[in-house]
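# Residue-level structural notes
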Amino acid sequence: MILAAGRGERMRPLTDHTPKPLLPVGGKPLLVWHIERLRAAGFTRIVINHAHLGQRIEDALGNGAAFGVSIEYSREASALETAGGIATALPRIEADVFPVVNGDIYCEFDFARLAGPLARLAAGHDRAHLVLVDNPPHHPQGDFVLDGDRVKNGESPLAPRLTFSGVGVYHRALFEHTPAGVKAPLAPLLRRAIDAGRVSGEHFSGRWEDVGTPARLAALDEELRHHHAA
């Protein structure tokens, strides 16, 4: 699943007419970078949720055939936040365990690396697996601690806090008490599962960018264009 329902307030005026995940960097929309990387890792059935200017997303991507995938859409009248969006889309997701990526990030993560966590969550008692990254300048306090392959809340003298990348694997049971069609954030669900010892994680040190402002978008676009030109 790719999450694409956010309004992108900090990206205005760019997002007044274009959904944030459709903003182009390096010559293609953020969403297309994700779709191509998911397809390369063998994920060919993709669900995308949307709200703000959602028809633009459907018009741009269609049924996914042009990208070698099959795309279904979970339409939200207004954005339901992350847990609400996933819970609402669950009827379109056949698997009990599935990867989710935020549509408004740029990340050179190899989704094939999620094969192990997907199998582990399907077989065991874990409810989530989170990909964590070094804290960006705009989020220096981070989100979670990674202790070995376990995600912890709070602080640790032995491990620094890291930032959740927006890439994760979830078991549908994580959302069993989240009603469809209702706004619900993901963080409280994750923190409860972490306290119960049911969340694994990994540290990704490759290229990742939370494309949260027009300045960061422009800088990333220039970087990618220069890299591919070289």
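Helices and strands together make up the secondary structure of the protein, namely six helices and 13 strands. For 230 residues, the compact-globule estimate of 2.2 N^0.38 gives 17 Å, and the C-alpha radius of gyration of the protein, at 17 Å, lies within 12% of that figure. Across its three principal axes, the protein shows a C-alpha extent of roughly 40 × 40 × 30 Å. A burial count over the protein gives 51% of its 230 residues as buried. Put simply, of all contacts in the protein between residues at least 6 apart along the chain, 73% involve residues at least 24 apart. Carbon and sulfur atoms provide 53% of the accessible area of the protein, an area that totals close to 10,500 Å². Side-chain charges in the protein split into 25 positive and 27 negative, and the spacing between the mean points of these groups amounts to 2 Å.

Summarising burial for strand 8 (residues 128-133): six of the six residues are buried, a large majority. Burial along strand 8 is two-sided: the face carrying Ala128, Leu130 and Leu132 and the face carrying His129, Val131 and Val133 are both buried. Bridging between strand 8 and strand 12 (residues 199-203) involves five bridges; their strand directions are parallel. Bridging from a neighbouring strand, Ala128 pairs with Val199 of strand 12.

A few words now on unusual backbone geometry. In this model, Leu53 sits at a positive phi of 55 degrees, which is unusual for a non-glycine residue. Mapped onto the secondary structure, Leu53 falls in the loop between strand 4 (45-50) and helix 2 (54-61).

Relative to the assigned elements, Arg120 resides in helix 4 (residues 115-123). With 43 residues separating them in the primary sequence, Arg120 and Ala77 have C-alpha atoms 35 Å apart. Those residues in contact with Arg120 that sit more than four places away from it in its chain are Asp126, His129 and Ser200. Here the side chain of Arg120 touches His129 through a polar contact of 3.4 Å, side chain to side chain.

Moving on to the packing of aromatic side chains. Under the definition given, this model contains four aromatic pairs. Judged by centre distance (5.4 Å) and plane angle (90 degrees), the ring pair of Phe109 and Phe204 falls under edge-to-face. Of this pair, Phe109 sits in the loop between strand 7 (105-107) and helix 4 while Phe204 sits in the loop between strand 12 and strand 13 (208-210); the two residues are 95 residues apart in sequence, bridging distant segments of the chain. Looking at Phe109, the relative accessible area reads 1%, which means it is buried. Clustering of aromatic rings is evident, with ring pairs tying together Phe109, Phe111 and Phe204. One residue, Lys28, lies across the ring of Trp33, its end atom 4.3 Å from the ring centre.

A general trend in soluble globular proteins is that nonpolar side chains are found buried together. Ile48 and Leu61 are the most contacted members of the largest nonpolar core, which has 30 residues in total. Setting aside residues up to four positions removed in sequence, Ile48 forms contacts with Ile2, Ala4, Ile57, Leu61, Ile71, Glu72, Tyr73 and Ser74. Of all hydrophobic cores here, the second largest spans 29 residues; its members include Ala83, Ile93, Phe164 and Leu186.

The next subject is the pairing of strand 4. Within strand 4, five of the six residues are buried, which leaves the element mostly enclosed by the surrounding structure. Sheet topology places strand 1 (residues 2-4) next to strand 4; three bridges connect them, and they run parallel. Paired with Ile2 across the strands is Ile48, a residue of strand 4. The handedness of the strand 4 to strand 5 (residues 70-75) crossover, carried by helix 2, is right-handed.

Rules used throughout
Residues numbered from 1 in each chain as written. Predicted model: local features only at pLDDT ≥ 70, side-chain atom pairs only at ≥ 80, totals over all residues. Heavy atoms only, no water. Helix = DSSP H or I, 4+ residues; strand = E, 2+ residues; numbered from the N terminus. Rg over C-alpha atoms; globule rule 2.2 N^0.38 Å. Buried < 20%, exposed > 50% of the residue type's maximum accessible area, 1.4 Å probe, protein only. Contact = heavy atoms within 4.5 Å. Areas by Shrake-Rupley, 256 points an atom, 1.4 Å probe, with all protein chains shown as cover. Lys, Arg positive; Asp, Glu negative; His and termini not counted. Charge placed at Lys NZ, Arg CZ, Asp CG, Glu CD. Pairing = 2+ DSSP bridges. Polar contact = N/O pair within 3.5 Å; in protein donor to acceptor, adjacent residues only side chain to side chain. Phe/Tyr/Trp six-rings, centres within 6.5 Å; stacked < 30°, edge-to-face > 60°. Lys NZ or Arg CZ within 6 Å of the ring centre and 35° of its normal. Core = buried A, V, L, I, M, F, W, Y, C linked by side-chain atoms within 4.5 Å. Right-handed = clockwise from strand over helix to strand, strands pointing away.

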